[in-house]
2 protein chains.
Amino acid sequence: MAMRKNGSSPDGSTGDMPPEEFRAAGREAVDWVAEYLAEVEKYPVLAQVRPGQLRGALPDAAPEQGEPMEQILDDFREVVLPGVTHWNHPSFHGYFAVTGSGPGILGELLTAALNVNAMVWRSSPAGTELEEHTLDWLRDLLGLPEAFEGVINDTASHSSLYALAAAREEAYPEAREVGLAGSPRGRIYASREAHSSIEKAALTLGLGREGVRKVEADDQFRMNPEALREALEEDRSRGIRPVAVVATVGTTSTSSADPVAELAEVAEEWGLWLHVDCAYAGASAMVPELRVHFRGWERADSVVFNPHKWLFTPVDCSVLYCRRPEALERAFSLTPEYLRTREQGTARNLMDYGVALGRRFRALKLWFVLRYFGAEGIRSRIREHVRLARLFAEWVEEDPDWELVAPVPFSTVVFRYASPELDGEEQDPANEELLEKVNGTGEAFLSHTRLRGRISLRLSIGNLRTREKHLTRTWELLRRSATEVVGQTASRLG
Amino acid sequence: MAMRKNGSSPDGSTGDMPPEEFRAAGREAVDWVAEYLAEVEKYPVLAQVRPGQLRGALPDAAPEQGEPMEQILDDFREVVLPGVTHWNHPSFHGYFAVTGSGPGILGELLTAALNVNAMVWRSSPAGTELEEHTLDWLRDLLGLPEAFEGVINDTASHSSLYALAAAREEAYPEAREVGLAGSPRGRIYASREAHSSIEKAALTLGLGREGVRKVEADDQFRMNPEALREALEEDRSRGIRPVAVVATVGTTSTSSADPVAELAEVAEEWGLWLHVDCAYAGASAMVPELRVHFRGWERADSVVFNPHKWLFTPVDCSVLYCRRPEALERAFSLTPEYLRTREQGTARNLMDYGVALGRRFRALKLWFVLRYFGAEGIRSRIREHVRLARLFAEWVEEDPDWELVAPVPFSTVVFRYASPELDGEEQDPANEELLEKVNGTGEAFLSHTRLRGRISLRLSIGNLRTREKHLTRTWELLRRSATEVVGQTASRLG
């Protein structure tokens, strides 16, 4: 391709990329993606670059004249790709492992091409209605009652923020007009294991860090309903106003599940909003034998669940189900004249359920994923991930040098190297060091957490490419790295 | 393609779509997009469907067994497409017109395929560094000083929320710990013409609707700095704590530009955070002769500008530039152990600058757009849109039956039908009716607003496919519809 200047082509065009050029570049990109997904194992999982390396390889200023797409795609492969941590790699086990599946990627391509903004119904009826419809399908698959209405946001952080804004609206009905100044202090109750997004929501909502009370968890990292009761009593006696209870099913550190039914009991006694955060584990409620972990969630006021985590949908796609959507509307609805439409009252305008006005057509990819895999296909994939996680947990339990730190209700295993050859103080640095060694090989990627004050490793399974052989290899790498670390510790001490 | 059951294929696969199938379906999708973009004029701009029509055409439940991709793509074309309002149509002039350009769409395809979550540096170094680098390029093109650091969010609503959270952090340093309860009431100052997202931010932040004071604007819809001073004085005497001043360059109703330099003067006198909302108009600061509207924005503390509006980037891509990023960090940073990394301190973790933890690799499409069109190519396209808007405004001005309601600093024309044949009370319904007539033809789509109590029509230009001939036709449709409406009014009265 010649160095055609897209900015000043001979005919003085001020248009978009010509269709024939789009077709050619698009096919090249699709072919690359197909190959990438087939051969992702040839890349290191964790990008093997230093901070600043990518920026150093890029020019200091944007080009004045347009550049050919071919050259841009070359740079994407040569400059950008080495800086990518491959979440698609079958041995990516950090944070929560995910899959941006084939049908999901195709959905994103079409979403970008339509480029609609479904803020109000008429600005793209299909954007609104496919979102409502797909979320009803999903709600039924999850076994939530019909009273729950869904809306798609970008992330669970925003979904939880919106839900807790609705809770605050209920607790402080006057705040919509005059704000929180002058009101008594308010508090959200969540387990010590709850996600940091709950604290971020409290900061944002003007409740402050003290606006979250972290309730004790039991030895399996599940919130203790009695401790919640006591915390509420104590705070009441101090004049603090309770705002909401947050239960987590699938906590970030260990994937533990709070006893939702018991917490719902307390929330109902106290007349409090109950928000259930199952951003990661939510998809597994589709599997009958795993639904036990969600017992009681049908009594929640709101539930957040991210299809972009364990439902094979590319980021971003977070679903907020709400049993009292009118509270969300009260918290957020404001319709200026330029957004008022003739459909007001007969069709839902999804902008009314949160902060973001702009709304990407995110339902399309989710609809593609549900249809392509089908409910049964999704269940069998989730079951397989749970099977693999339990298998890995067995290996850990059978090895006297390692210990399992938490139960494995879903597809995340939390464990640590605890060889009798190391004394207590040596264990944390040894685990950190062996983790860096494994991640440094580029063959596998795991992340860590701290539990009961000690460093633990997390292996999360959620990629459709992960097979038993990958776990075998990761287990081998972990044990080999542990031996090396012990050897170094021994020789330092010797 | 046979009705292969993706959920239960013969080999019991629990994998993703096979690569060869992805390649075939991907090519089909790319070809469809190329054709769609070339022939988008054949679709009605505004979807010609009734509320509920799409939902009525879909099955009540998700399929149990997987379905072939071919069938899903067929349904996309046959069931979803008729419900789409075509933002890509050259005669889409509602809200703010946009373009999801070819290079932007390809960027989204690759972003979906990589499916990284760039919450921390190591979770995808390229995600973080390409975002930093591309936003530095863009900042230089816009002529903002180097002190501004950028971060990409999904929407301007969230960008403004984050900026105002930082402002609240400055105004109430104690709020991070204890929240707003017990503090004096706080207020954000914005023009009456400011976007509803500012009010939504105030609601969310716990400042309430009264937490936004709408300052008078002049006869050209620009905030009056003297009125701002008076409002501040008055509120101070009542014990209200000022939090921030919001200046808008390119307001939603008329695209008017507040006098930023004068407002910066006031904000500095009062020691207040200055946030500049130029979500729509920001791109035009790249064009030297249009930069005059931004005079003084370099003194702002934060600036929001959406490349997904007038910079040819698919939704969503909103840039928040901040001159005091440490205030954003103070407002939001919380790093739990499971997100702590070895790079802490040597690389930025972009999750620290807002609520959302999950971060899509949105910089890729923006980098593609800047490179493909080049700075000069972007400038010439923006100039063309401004030329077309001014041309349309001339037609309006020259016709005695129509009036221009506001100046045209950018690419948005606000006007109304004001024929002497209609008396004052008849004008609003006539304008509403003729707008519905034009939108009902499917040939063009405009939206409306209310200014000085009266309905006005808005024609916004931002699509790369819009040519002079499209505007000629839209003008013809408007005038014809007006004549019909007058005819009906006359016959009703006669």
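Residues numbered from 1 in each chain as written. Chains lettered and ligands numbered in written order. Predicted model: local features only at pLDDT ≥ 70, side-chain atom pairs only at ≥ 80, totals over all residues.

(A) How the structure looks around the domain arrangement of chain A. All names here are of chain A. Considered domain by domain, chain A is made up of domain 1 (17-46 + 87-100 + 376-494) and domain 2 (117-361). Between domain 1 and domain 2, the contact holds 18 residues from the first and 21 residues from the second. Taken together, the elements giving at least two residues each to the side of domain 1 that touches domain 2 come down to α13 (363-398), β10 (412-417) and β11 (445-451). Of the residues belonging to the side of domain 1 that touches domain 2, the class tally is 11 nonpolar, five polar and two charged. (Domains from an automatic or database assignment. Contact = placed C-beta atoms within 7 Å. Helix = DSSP H or I, 4+ residues; strand = E, 2+ residues; numbered from the N terminus. Nonpolar A, V, L, I, M, F, W, Y, C, P; charged D, E, K, R; others polar.)

(B) View of the sheet that holds strand β1 (residues 92-93) of chain A. All names here are of chain A. Pairing in this open sheet of five strands is mixed, and the strands run β1-β11-β12-β10-β9 from one edge to the other. Edge strands, defined here as strands with exactly one partner in the open sheet, are β1 and β9 (402-404). Alignment of β9 against β10, held across three bridges, turns out to be antiparallel. Bridge pairing links tryptophan 402 to tyrosine 417 in β10. Docked against the sheet, α13 engages β9, β10 and β12 (454-460), running at close to 15° with respect to β10. Sheet strands touched by helix α14 (residues 424-441): β10, β11 and β12. Its angle to β12, the strand with the most contacts, is close to 30°. (Pairing = 2+ DSSP bridges. Axes fitted to C-alpha atoms, helices over the stretch in contact; angles between N-to-C directions.)

(C) Focus on the relation of the copies chain B and chain A. Mapping chain B onto chain A is achieved by rotating through 180° and translating by 0.0 Å along the same axis, at an RMSD of 0.0 Å. Taken together, the turn and the small shift mark the pair as related by a two-fold rotation axis. A symmetric contact is evident, with 100% of the interface residues of chain B recurring at the interface of chain A. (Least-squares fit on C-alpha atoms with pLDDT ≥ 70 in both.)

(D) Examining the pairing of strand β2 (residues 186-191) of chain B more closely. All names here are of chain B. Burial analysis of β2 places six of its six residues in the buried class, the great majority of the element. In β2, alternate side chains face the same way, and those of Gly186, Ile188 and Ala190 on one face and Arg187, Tyr189 and Ser191 on the other are all buried. Taken together, the five bridges between β2 and strand β4 (residues 241-248) define a ladder with parallel strand orientation. Pairing of isoleucine 188 across the sheet is with alanine 244, part of β4. (Buried ≥ 20, exposed ≤ 12 C-beta atoms within 10 Å, placed from the backbone.)

(E) Focus on the sheet that holds strand β7 (residues 318-322) of chain B. All names here are of chain B. The mixed open sheet is built from seven strands, whose spatial order is β1-β7-β6-β5-β4-β2-β3. With partners counted over all chains shown, the strands left at the sheet margins are β1 (149-153) and β3 (212-215), one partner each. The sheet shows a mean angle of 20° between the axes of neighbouring strands, direction not considered. Where β1 meets β7, five bridges bridge the pair, whose relative direction is antiparallel. Paired with valine 151 across the strands is leucine 320, a residue of β7.

(F) A look at the nonpolar core. Ranked by internal contacts, the top residues of the largest apolar core, which has 344 residues, are Ile188 and Val245 of chain A together with Ile188 and Val245 of chain B. Setting aside residues no more than four positions away along its own chain, isoleucine 188 of chain B makes contact with Leu164, Ile198, Ala202, Leu207, Gly211, Val212, Val243, Ala244 and Val246 of chain B. (Core = buried A, V, L, I, M, F, W, Y, C linked by C-beta atoms within 7 Å.)

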